[in-house]
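Spelled out from the first residue to the last, the chains are:
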Amino acid sequence: MTAWHQLYSMNNQKERRPVSRATLRRIGGFARPHRRKLALFLVLSVVMAGLAVGSPLLAGRVVDAIFNSEPLDVVVVVALAIAGLALAEAGLGLLNRWLSAGLGEDLILDLRTAVFDHVQKMPVAFFMRTRTGALVSRLNNDVIGAQRAFTDTLSGVAGNIVTLALTLIAMIGISWQITLLALLLLPVFVLPARRMGTRIARLRREAADHNAAMGTQMTERFSAPGATLVKLFGRPAHESAEFARRARRVRDIGVRSAMTQSAFVTALTLVSALALALVYGLGGFYALRDQLAPGALVSMAMLLTRLYAPLTALASARVDVMSAVVSFERVFEVLDLEPLIKEKPGARAVPEGPVSVEFDDVRFAYPSADKVSLASLEEVATLDSRGGVEVLHGVSFRAEPGQMVALVGSSGAGKSTIAQLLPRLYDVDSGAVRLGGVDVRDLTADSLRDTLGMVTQDGHLFHDTIRANLLLARPEASEDDIWDALTRARLATLIESLPDGLDTVVGERGYRLSGGERQRLTIARLLLARPRVVILDEATAALDSTSEAAVQAALGEALEGRTAVVIAHRLSTIRAADLILVIEDGRVVERGTHADLLAAGGRYEELYRTQFDEPTVAAV
Ligand SMILES: Nc1ncnc2c1ncn2[C@@H]1O[C@H](COP(=O)(O)OP(=O)(O)OP(=O)(O)O)[C@@H](O)[C@H]1O
Ligand SMILES: [Mg+2]
């Protein structure tokens, strides 16, 4: 209830907010690198606008030549001039379009790459909270929305202002009285145009939100795990109804904004037709009294039709500008998210050689939603008050270079959390995590990545070939390196038996690897990367004994000669560890070697007994 309230009022605030100067300046910033193209484009637009005023004047000249019985040559020359103008206009029009299309696509490119780069810098916490669909919609719909209005508006505004000015000058030159009268109808345009602009912008913003929500629903429900969940437990009818509700709203908005726009255009057309009647009436009256040449009347009428066209365009340019700004704002909103975890200026590389791992009185709470994400990107943020609760309460330990430290303890004790602090997926709140004696916050992201290798509980594979998934860890690895890693991970035989071998596509929609195979593939990836420090977060899923033996052997290879932090659910894995820590409720409650801890007869001994009395139950 309150969440809805907050969301609702937030949307409302956004609607009322006027287009800010800062936003405009920022849009200008995106245009700056293309200023030469932009200048050429504007100059061309102005020239074209000038040409547009030429032909009505020339047409009037022809009429006058007829009335004054001038020689045929004059008419022919003027007609040729009109043809020349038309040709020039067509040629320049194409050139202009080429420029504006180029500018628009450049803008899309710049915005897209900026958003992608920025989002990639966001910490893991951001992706845990943010709905992928909403994010993708920012990258697609909004970026394109920004571009469309940007180019359409630019060409429109620049050219039309000039056309308007030149046309007015020409008209006043012919008859200021008629011009004045024709312009009296002008306010009828401008006033509703402002209203209409705001209204259409509001409709478009709402449609964008609904589109993003539908995108989210689709990406979430149509992923293999999501679809499975809906089939097993979900309410498909409810899902469909929800989707249809949104889709219908988008349809209604589409119809409404189309009608709003066309009502407006129709009104404008009508007003300009009325003004035309006025020109013919009044101009005819003057012409009959010989106070106006017939040619001037023709020029005047033609100019008038050209006057209202740019007016219409300028009036709807407002709408375009508004919706462009909306799109830009939605994109900027993402760009403005400050990544919580950033490389320090002057960060250093991890010291050479074998490195130690040290946790020094580490306290940590998962960041709360408002710190890591945008409410508009996640929808349910305000419902989730978790986060901010301390999960680790002063954890200290040290693994000397080449040593293996093992973490055991109940589910939810904080083991994975400890593991995630080492590669800086999160930063500690107090205390320090050190690698080779250096605080990880003082290290460069690249060297951290090169030094650490992590196998997580739910090792993810990209939807790509086995080869590509492995090469992610070390792009320059040779074919031999790959097979070597696979052999050591006890996976070579399986992959050789696949018809496509290394080119078999795995991941979300690819070949299904079993839990154990998947785990060994992530271990192979680790072996290929040859990190100096290994972090293993063992999967909880119980494997059959052959699989388990294979994983065990692969793990043994991975740990050989490296500093390691191993989270083990199967205690057999860690009997050889140099130091075993028992973690409960975010604290180290026991520490020592396997033998020490068994002898001490505490929590570890209890865990160990449970596991070996009931070997089929996955130990926690
Ligand atoms: N992204 C997150 N945001 C907020 N709280 C989290 C997040 N991830 C984990 N927690 C909480 O932190 C605590 C420790 O979780 P952690 O994943 O470290 O446990 P674990 O010891 O690895 O458990 P398991 O053995 O089941 O893997 C739990 O209470 C969990 O609910
Ligand atoms: Mg865990």
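Before reading on, note that the structure itself is shown above.
Residues numbered from 1 in each chain as written. Chains lettered and ligands numbered in written order. Predicted model: local features only at pLDDT ≥ 70, side-chain atom pairs only at ≥ 80, totals over all residues. Heavy atoms only, no water.

> Can you explain the pattern of salt bridges? Please cite residues and give values.
Following the criterion strictly, the structure yields 26 salt bridges and no others. Put simply, E479 and R467 hold a salt bridge, and the shortest N to O gap is 2.7 Å. With E479 in helix α17 (residues 479–488) and R467 in helix α16 (residues 466–471), this pair connects stretches of sequence that are 12 residues apart. Of the residues examined, E479 reaches a relative accessible area of 40% and is grouped as partly exposed. R467 gets classed as partly exposed once you look at its relative accessible area, which sits at 21%. As a salt-bridge pair, R488 and D484 come within 3.6 Å of each other at their nearest N and O atoms. Highlighted residues: R488 and D484, both in helix α17, separated by four residues, approximately one helical turn. What emerges from the salt-bridge pattern is a single network uniting E358, D360, R398, E400 and R434. (Salt bridge = Lys/Arg side-chain N within 4 Å of Asp/Glu carboxyl O. Helix = DSSP H or I, 4+ residues; strand = E, 2+ residues; numbered from the N terminus. Buried < 20%, exposed > 50% of the residue type's maximum accessible area, 1.4 Å probe, protein only.)

> I'd like a description of the sheet that holds strand β11 (residues 579–584), backed by residues and values.
Read across the sheet, six strands follow the order β6-β9-β10-β3-β11-β12 without closing on themselves; strand pairing throughout is mixed. At either margin of the open sheet sits one strand with a lone partner, and together these are β6 (452–455) and β12 (587–592). With direction set aside, neighbouring strand axes in the sheet form an average angle of 15°. Pairing geometry for β11 and β12, over five bridges, is antiparallel. Note that in β12 the partner of I583 across the bridge is V588. (Pairing = 2+ DSSP bridges. Axes fitted to C-alpha atoms, helices over the stretch in contact; angles between N-to-C directions.)

> Can you break down the site of ligand 1 residue by residue, with the values?
The immediate surroundings of ligand 1 are formed by 15 residues, with S411, G412, S416, T417 and Q457 found nearest. Within the contact set of ligand 1, an oxygen atom lies 2.5 Å away from a side-chain nitrogen or oxygen of S411. Side-chain polar atom of T417 to an oxygen atom of ligand 1: 2.4 Å apart, as the coordinates give it. The protein chains hide 72% of the 640 Å² of surface that ligand 1 would expose on its own. Looking at the shell around ligand 1 element by element, the count peaks at three residues for helix α14 (residues 415–421). Looking at the shell around ligand 1 residue by residue, the classes come out as five nonpolar, eight polar and two charged. (Near = heavy atom within 4 Å. Polar contact = N/O pair within 3.5 Å; in protein donor to acceptor, adjacent residues only side chain to side chain. Areas by Shrake-Rupley, 256 points an atom, 1.4 Å probe, with all protein chains shown as cover. Nonpolar A, V, L, I, M, F, W, Y, C, P; charged D, E, K, R; others polar.)

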